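Letter by letter, the chains look like this.
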Amino acid sequence: MEIQEKIKKEIIQVFEDEFNYKCSIDNINIDQTPKNFDGLYTLILFPHLKYLKENLSEVGKKIGDALNNKSAIISRYNQVKGFLNFDIKTEYLLDVFKSILNQKKLEKVSKKTKEIIVEFSSPNTNKPLHLGHLRNIFLGDSISKIYEALGYKVHKVQIINDRGIHICKSMLAWRKFGEGKTPNSQKLKGDKFVGDFYVKFEKELKKETKKLCVKGLSEEDALKQSKLMLEVKSYLKKWESGDEEILKLWKKMNNWVYDGFEKTYKSLNVEFDKNYYESSTYLLGKKNVDQGLSKKIFYKEKDNSVWIDLTKENYDKKLLIRSDGTSVYMTQDIGTAIKRFEDYPKSEKQIYTVGNEQDYHFKVLFKILDKLGYSWAKECYHLSYGMIDLPDGKMKSREGTVVDADELITLMKETAKNRTVELGKLDDFDSKDQERLYNIIALSALKYHLLKVDPRKRILFNPEESIDFQGNTGPFIQYTYARIQSILKRGKMLNIDFKSLNFDNVKKLSVNEKRIIDLILKHRNNLIKSAETYSPSILCNYVYNLSKTYNSFYQEEKIFDGKNNETTSFKIALSDITSSIIRESLNTLGMDVVNKM
RNA sequence: GGUUCCGUAGCUCAACUGGAUAGAGCAACUGCCUUCUAAGCAGUAGGUUGAAGGUUCGAGUCCUUCCGGAAUCACCA
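Cut-offs and rules
- Residues numbered from 1 in each chain as written.
- Chains lettered and ligands numbered in written order.
- Predicted model: local features only at pLDDT ≥ 70, side-chain atom pairs only at ≥ 80, totals over all residues.
- Heavy atoms only, no water.
- Phe/Tyr/Trp six-rings, centres within 6.5 Å; stacked < 30°, edge-to-face > 60°.
- Helix = DSSP H or I, 4+ residues; strand = E, 2+ residues; numbered from the N terminus.
- Buried < 20%, exposed > 50% of the residue type's maximum accessible area, 1.4 Å probe, protein only.
- Near = heavy atom within 4 Å.
- Polar contact = N/O pair within 3.5 Å; in protein donor to acceptor, adjacent residues only side chain to side chain.
- Nonpolar A, V, L, I, M, F, W, Y, C, P; charged D, E, K, R; others polar.
- Core = buried A, V, L, I, M, F, W, Y, C linked by side-chain atoms within 4.5 Å.
- Contact = heavy atoms within 4.5 Å.
- Domains from an automatic or database assignment.
- Buried area = accessible area lost by both parts, 1.4 Å probe.
- Salt bridge = Lys/Arg side-chain N within 4 Å of Asp/Glu carboxyl O.
- Pairing = 2+ DSSP bridges.
- Axes fitted to C-alpha atoms, helices over the stretch in contact; angles between N-to-C directions.
- Parallel < 35°, antiparallel > 145°, perpendicular 65-115°, else oblique.

Chemist: Can you help me understand the packing of aromatic side chains in this one?
Modeler: Any aromatic ring pair is given by two values, namely how distant the centres are and how the planes are angled relative to each other. Here the structure, examined in full by the defined rule, presents 25 aromatic pairs. Centre to centre, the rings of Phe193 and Phe197 are 5.1 Å apart; their planes meet at 65°, and the pair counts as edge-to-face. With Phe193 and Phe197 both in helix α8 (residues 190-214) and four residues apart, the pair spans about one turn of that helix. Phe197 matches Phe193 in its accessibility class, with the two residues each being buried.

Here it is in structure tokens:
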């Protein structure tokens, strides 16, 4: 980027000197030269042609020659039609590289002055986490880390959906069919244990309604008359009225679930700073709705239900309080949002990581918060992502057609293990290192697989086809990193001190070396772009590109050629910086690195 | 039906916000391990960017209309 800006400035000068044409910097576009053309950067002449008043080839020649004479950056040029391709001076690239080498250490001291809140995961407490949650968690975790890398203090939070009809279903099924079993007695993870009873409930319910349907009832009526449904609803009522026995059961089962979630989060290497529980925030929103009522932002219907009319803003009318006085999801979200900004008052914005099925909900929520007068409402952002499809359609937890998170992780670890053994790479690992290796490889394969896709797009996941470990994958990037570590190790053994390198003796850079330096310079911009667009996928692409370019370089040019001169040192220095950028990138994607594999 | 999003190689994804001959990976085929890790590198093949119009020097990208898919529009969460 820095290079692009400098080229732009030089070109403005040339436009003025040679053509008497004043052009603003925003109107100049410097692109990366495509691979099959010679050069690193390209100026597109077309947009300027009408101001330059000469024909294309003359314009190109004039600009190119002028730059050849004056430029501190450009070493030579070539013209293809309306495109002017530039090569960059070796001295200049080395200069820039040197400054990175020096500045690298200073960077980490930067203070964290800005704050944001990031919400992600936010599960229901009636079932274990599945592949859909994984996409959510990886996205939220990575976005948090990207902002942290940019100097933000990030508050990672989730809202736990711990109350409602769904958990009552599990509770009822456990009472009816559980026979006093516990996760301990069954040697089952707590979330799995509770989830099984949820599925059991749905099964029994289906049986019952089917019978009623045979008797001639419609599906809807069957559901209404079903004894199980009536009983579940009585649980919900008892819960809301504070029935001690129900509350006790509710707490017990939720704790089983939390225990299970904790294990999953731990295996994913993901943590939260604070959990919000719906059971303790659902009343908060009501207070705010009352305030909105007195400000006439909301209105009351005859049946006492409370609404907001957003038809002027191109939305619908939206219910906020039911006629029986109970709150809905929207009410709770209003309360939770306000609470969070009270808890973290310095936060300038909040990012909600929630699936795209709730796009409309969040548009309305932010609109309401804005109308209530909260200045931060405009800074709230819904990080919306696409669903994960299986080959035969969407995952449905009610029907048990989900890919379980824990099972998938276990499977990935086994695959990592098998591959490692097949490749015969176990020689110098002790068993503890082995476990760590499998773990990191498996997680980076899985995380990268889900993060490399633009969040907005849906992902098709085929359980029959395993996630790749070759090509554009997490393990490929890990491999590149590990390779470099062994280069660095060897350099150390040979006592090559690349840090006190004299760059003046490096006369020539290969195309790959130039590309690597160029990519290194672009790291920060890619990080910023990832943050601005809320897309870790940009960072994935970037670090893949860097790894791929490095591997080409690695394969084509020997680093240790026996001479141990400045060229050797330079190549080690280049490798060192590359590896630290790979490590930082992987870290911001939520992954650890391995030194050998 | 209204609104929003998506459609790119057989498959999974890119394409710097309007630039060159649309790029990678997987799968297929051909080479490369007695010097730094072959989970790699180099190469071959694979495309009417869902369709048709329009805007201009120039369109996968912008506008219109179709076709196909998804989400949402509940006193559900």
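There is more to say, and it comes next.
Chemist: Would you explain the protein's contact with RNA strand B in this entry?
Modeler: RNA strand B sits among 61 residues. The nearest are Asp303, Arg458, Tyr479, Ser486 and Lys558. Backbone atoms, meaning sugar and phosphate, make up 62% of the atoms of RNA strand B lying within 4 Å of the protein. Between RNA strand B and Asn85 there is a distance of 2.9 Å, counted from a base nitrogen to a side-chain nitrogen or oxygen. Contact between RNA strand B and Tyr554: a base nitrogen at 2.5 Å from a main-chain N or O atom of the residue. For the surface near RNA strand B, the secondary structure elements donating two or more residues are β2 (41-44), β4 (83-88), β15 (459-460), α18 (474-493) and α21 (536-556). Class assignment for the residues of the surface near RNA strand B results in 25 nonpolar, 18 polar and 18 charged.

Chemist: Sorry, what's going on with unusual backbone geometry here?
Modeler: Most peptide bonds take the trans configuration, and most residues that are not glycine carry a negative phi. Residues other than glycine seldom take positive phi values, yet Asn20 does so here, at roughly 55°. You can see Asn20 is positioned in the loop between α1 (2-19) and β1 (30-32). You will see that Lys296, though not glycine, has its phi angle at about 65°, which is positive. Counting through the fold element by element, Lys296 comes out in the loop between α13 (284-294) and β8 (299-300). Relative accessible area serves as the criterion here: at 73%, Lys296 is assigned to the exposed category.

Chemist: How do you make sense of the nonpolar core when you look at a structure like this?
Modeler: The nonpolar side chains of soluble globular proteins are, as a tendency, buried together. Formed by 148 residues in total, the largest nonpolar core has its most connected members in Ile7 and Phe570. Residue contributions to this core peak at 11 residues, all from helix α17 (residues 431-451). Filtering out sequence-adjacent residues up to four positions away, Phe570 remains in contact with Leu94, Phe97, Leu501, Phe503, Val506, Leu509, Glu513 and Ile517.

Chemist: It is not clear to me how the domain arrangement of chain A should be interpreted in this structure. Could you clarify?
Modeler: By convention, interface size is frequently given as the accessible area that disappears when the constituent parts associate. Each assigned domain of chain A is listed with its residue range as follows: domain 1 (2-88), domain 2 (114-399) and domain 3 (405-588). Taking the mean C-alpha position of each, domain 2 and domain 3 sit 38 Å from one another. At the junction of the two partners, domain 2 supplies 33 residues and domain 3 supplies 31 residues. In this assembly, domain 2 packs against domain 3 so that about 2800 Å² is buried in total across both faces, 66% of it on carbon and sulfur atoms. Interface area lost by domain 2 to domain 3 is led by Arg135, Phe138 and Leu150, which between them contribute 21%. Between Asp389 and Arg458 there is a salt bridge; the shortest N-O distance is 2.7 Å. There are 16 residue pairs in polar contact (both at pLDDT 80 or more) connecting domain 2 and domain 3. For the side of domain 2 that touches domain 3, the elements supplying multiple residues, two or more each, are α5 (131-149), α8, α11 (244-268), β11 (347-355), β12 (381-385) and β13 (388-390). Ranked by residues supplied to the side of domain 2 that touches domain 3, first place goes to α5 with 11 residues. Here the residues of the side of domain 2 that touches domain 3 sort into 19 nonpolar, seven polar and seven charged.

Chemist: Help me understand the sheet that holds strand β9 (residues 306-309) in this model?
Modeler: Where strands meet in a sheet, backbone hydrogen bonds hold them as pairs that are either parallel or antiparallel. Strand order in this open sheet of three strands is β8-β9-β10, and the pairing throughout is antiparallel. The strands lining the two open edges of the sheet, one partner per strand, are β8 and β10 (317-321). The pairing of β9 with β10 spans four bridges and is classified as antiparallel. Within β10, the position partnered with Val306 by the bridge is Ile321.

Chemist: I would appreciate a short explanation of the packing of helix α6 (residues 165-177) against α8 in the present structure.
Modeler: Packed helices, taken two at a time, are described by their axes: the angle between them and the distance between them. Relative orientation of the contacting elements α6 and α8 amounts to 85°, with a least axis distance of 8 Å. It follows from the interaxial angle that α6 and α8 lie roughly perpendicular. Here His166, Ile167, Lys169, Ser170, Leu172, Ala173, Trp174 and Phe177 of α6 lie close against α8, whose contacting residues are Phe193, Val194, Phe197, Tyr198, Lys200, Phe201, Glu202 and Glu204. The residue makeup of the contact of α6 with α8, split by class, is 10 nonpolar, two polar and four charged.

Chemist: Quick question: what am I supposed to make of the sheet that holds β1 here?
Modeler: Spatial ordering of the open sheet is given by β1-β2-β4-β3, a layout of four strands whose pairing is antiparallel. Edge positions in the sheet fall to β1 and β3 (74-80), since each of these pairs with one other strand and no more. Strand-to-strand twist of the sheet, defined as the mean angle between neighbouring strand axes without regard to direction, takes the value 30°. As paired elements, β1 and β2 share three bridges and run antiparallel to each other. Across the sheet, Gln32 pairs through a bridge with Tyr41, a residue of β2. Across the sheet, helix α3 (residues 56-70) touches β3 and β4, and the angle it forms with β3 is around 175°.

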